[in-house]
Structures are given as structure tokens and as C-alpha cells.
Amino acid sequence: MTVSYTLEVANAKFGGFSKLLFRWRGSIYKLLYKEFLVFCLLYSFFSVFYRFFLTEKQQLLFENVALYCDQFTNFIPMSFVLGFYVTLAFNRWWGQYTSFPLPDNLMMVVSGNVHGLDERGRLLRRTLMRYANLSSVLILRSISTRVRRRFPTLEQVVDAGFMTPLEHRQLDGLSSDFNKYWMPLTWFTNLASRARQEGRIRDDVALRLLMDELNNYRGKCSLLFHYDWISIPLVYTQVVTLAVYSFFGFCLISRQFLNPEKGYKGHQLDLYVPVFTLLQFFFYAGWLKVSMLAVDDMHQNLPPTEKDKFWVERYFSVPYSTATETLRPTFMGSTYDISFESGQAVSMPFVYKDECGDVDRKMKDVSLVRDRQLKVSPLPTERGEGQFKVAVELIQANDNEQSSC
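Note that this is a predicted model, so its numbers are computed, not measured.

Novice: Please clarify how the packing of helix H3 (residues 78-98) against helix H10 (residues 204-229) should be interpreted in this entry.
Specialist: Relative orientation and spacing of two packed helices are given, respectively, by the angle between their axes and the distance between those axes. Remark: H3 packs on H10, axes separated minimally by 9 Å, with the N-to-C direction vectors making an angle of 150°. When the axis of H3 is compared with that of H10, the two are roughly antiparallel. Note that H3 runs across H10; the crossing there is left-handed. In this structure, H3 uses Arg92, Gly95, Gln96 and Thr98 to contact H10, whose residues at the interface are Lys220, Leu224, Tyr227 and Asp228. Taken together, the residues of the contact of H3 with H10 sort by class into 2 nonpolar, 3 polar and 3 charged.

Novice: Would you explain a nonpolar patch on the surface in this entry?
Specialist: A surface patch of nonpolar side chains, about 680 Å² in accessible area, is lined by Leu21, Phe22, Trp24, Tyr29, Tyr33 and Leu37. Here Phe22 is to be found in the segment before helix H1 (28-52).

Novice: I keep staring at the packing of helix H4 (residues 104-113) against helix H5 (residues 119-143) and nothing clicks. Help me out?
Specialist: In contact at an axis separation of 10 Å, H4 and H5 are set at 160° when each is read in the N-to-C sense. The pairing of H4 with H5 is recorded here as roughly antiparallel in orientation. Like other packed secondary-structure pairs, H4 and H5 cross with a definite hand, here right-handed. When H4 is examined against H5, the residues Leu106, Met107, Val110 and Ser111 are found in contact with a partner set consisting of Arg125, Leu128, Met129 and Ala132.

Novice: I keep staring at the environment of Leu124 and nothing clicks. Help me out?
Specialist: Tracing the backbone shows Leu124 in helix H5. Spatially, the C-alpha atom of Leu124 lies 7.7 Å from that of Leu191, the residues being 67 residues apart in sequence. If we ignore the near neighbours within four places in the chain, the residues touching Leu124 are Val114, Leu191, Ala195, Glu198 and Arg200.

Novice: Whenever I open this one, the packing of aromatic side chains confuses me. Can you help?
Specialist: Applying the stated criterion across every chain yields a total of 19 aromatic pairs. Their ring planes at 40° and their centres at 6.2 Å tell us that Phe36 and Phe281 sit as a pair that is tilted. Of the two residues, Phe36 is situated in helix H1 and Phe281 in helix H12 (residues 275-292); the sequence distance between them amounts to 245 residues. Looking at Phe36, the relative accessible area reads 23%, which means it is partly exposed.

Rules of the game
- Residues numbered from 1 in each chain as written.
- Predicted model: local features only at pLDDT ≥ 70, side-chain atom pairs only at ≥ 80, totals over all residues.
- Heavy atoms only, no water.
- Axes fitted to C-alpha atoms, helices over the stretch in contact; angles between N-to-C directions.
- Helix = DSSP H or I, 4+ residues; strand = E, 2+ residues; numbered from the N terminus.
- Parallel < 35°, antiparallel > 145°, perpendicular 65-115°, else oblique.
- Left-handed = near helix turned anticlockwise from the far one by under 90°.
- Contact = heavy atoms within 4.5 Å.
- Nonpolar A, V, L, I, M, F, W, Y, C, P; charged D, E, K, R; others polar.
- Patch = residues over 30% accessible without salt bridge, like charges linked within 9 Å, V, L, I, M, F, W, Y side chains within 5 Å.
- Areas by Shrake-Rupley, 256 points an atom, 1.4 Å probe, with all protein chains shown as cover.
- Salt bridge = Lys/Arg side-chain N within 4 Å of Asp/Glu carboxyl O.
- Phe/Tyr/Trp six-rings, centres within 6.5 Å; stacked < 30°, edge-to-face > 60°.
- Buried < 20%, exposed > 50% of the residue type's maximum accessible area, 1.4 Å probe, protein only.

As C-alpha cells, this is what we get:
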């Protein structure tokens, strides 16, 4: 899960980034704690078994196996394999984000080029954007579990106002072996062509602009579908997973603290807890877990143009299912919830005063300040009704020059 923490690190202050280490939601601790506990339990089991349940001869065999594993575990190219895979997964994750079909650009083109203040003009604009949004809903239902839970069936999509019952029947009536997210976009093009014939779109240039923006929108929907269809090659995932888990499987033996009295190289201390091995597991396994998370028959086949469900409502919210009620988006910007003390949010216009006390100074004096022919010095702050006024004195830059007053 992507969690925004921009506001918490907006200022480079002492301990700013350290606070992020203690967050649970969206953290590496929440993602990895089960595997980490299993590793610690297995390590403790082998340690106790070696120290208390083996005979002296069996301990010698265990120590030889541990030294052998410790000598050859470095042959597994962990950094190379895992670094390549993480780079590939992160680029794929960021590519999916940049391919998300946002309707803003298309909405502005529709608003600026589909004319008419009457009911027909409004109906055309709303229907065109509803078709575009319906296409994105259909593709996101196919690739996102969260959207699928919000719209489990197409009936929920109809209830949400993205599609009319007649459009639902027409969508179901089309026989296709592939995802039909493109069908509302075909309705969009047919309706835009009809709007051009009616004169709602003034010229072919505006229609071309509308079609180009629609093709960009459709291209992003298609790219999301292909990201979901074509995964990272399975052999890459298998190689990386086997490398990481086999490496730490051998570490359960090779990183055991052996009897320091026997003088094995690198085993002069018996600390019981392998701190650096646990950190290595945390980093490498966490790295791996993070990487696994990032027509012919349709020509002019246009359903009747109807008023959408929210036609008479000025403000409305698309309904959520019971499974997604707690997932309503609330992010309004990292600084949206900042509060100010009284007086800090008051506007402070500038009042310019020259050396003669004149307030209505000409704009040419401002350019003189910019050209360094005049200099600015603050005057005592004046408090007005409900706001502050800051007076600025404009005097000659040459202090030796006599005043013209």
C-alpha cells in the first residue's frame, strides 16, 4: 500500500525522518514480520539443538557443516539478482501509475468543444464523459481487487450511475472473448460524430482534437490491461525467490555461533543473537517482498442517449459497496489539514510610502526599486480593522542626495 508521508518530511528538521521508522501502516514491518518471526524461531531451534541436544561427535559434525555453508553461501549472487529484479519491478509499478487514465484532459476538451447551453448540449457533454468513465471502471474492475470489491457485478455499476440498464443489456449482448472495456469508447466516438453532424462540434479540427484525446485515454486503459495480462517472466520471479530463500536457509546453519573454545576462525565470541544476519534478512527479504507487491459490427451501434442518474443533482457521490466503505479516499494534499493560529492566516497588503509621506506612489517607483535607484526600508506596522498593513518607505538610494520634498 502506498502511504503519503510528504508533510512529515516537508522540513529538514532533527528527527524528521526518524519518525517514519515507527510507523506501522504501510511499513516494511507490517509486510515482513511473519517471515522475520519464522526465521528467528528456526534460528533459535538450531541454536538450542546444537548447544543442548547433540553429543560431542554430533556437535563436531554440525560445526563442519556450518563452516562449509558459511564458506560457500557467498557464491549466491544475491545483490545482482535481487537488484535487477527490484529495478524491473519498480519500473513496472511506476509505469502502471503513469498509465492511469485520468479524465481531466478529456473533460476539458469535451467542455470546450461540445457547445450548447440547452438541455441537449448538456446531455451530450455528460454522456460523453460518462462513457469515458465507464470504460475506466470496466478496465479497473478487471485488474484491481479494490475496485472489484466496490463493483462486484455490473448491476452495481448501473446503480452507481456509470451505465444505464439499456447500455448494460447492450454490453452483455456483445459476444467477445476479450475484455469489453473498449465498447463505451466506441459509443463515445459515435456520439461525438453525431454531435458534429448536429453542429454541436463546430469544425473538424475540434473533432480531431477530441478524438486524439480520446485515443490517449484509450491507450492508457489498454496499457493497464496489458500490464495485468503480461506479468514479469515467471523464471525471473522463481530465480530471485529461490536465491533469497535458499541463501537464508543456509544461513540458519552457517551463521550459528560455534564453541569459541575450539578456535574456529571468526568464532571467537558467542553472542547467541546474530544481529547482522537478522539485519541482512530484514533488508534482503524486505527488498524481495516490496518488489512482489509494484469494428466493424459496432459502427454506429449507439445506445439511446438518456439523462444519467445524477442529472438533477448538483453535488453527488458515487456509492460504495459494504466491502469498500472504509476505503473512501480522503487524501486532499499533504498540507490540506495544516491549521494556523489566529492572525497567521490574515492577508497583509503593502502600502508604499515615500520619504515625503506620500502613500499613492506611482508604479514607476516600483520599477525604480527593482533597478536599485530607490531602496526600501520598513516603517512601523500599522494595524487596521481585521487586517495588518505594512508600510514600506521608498527613499533615494544615494543617502547623500538631498530630499526633493
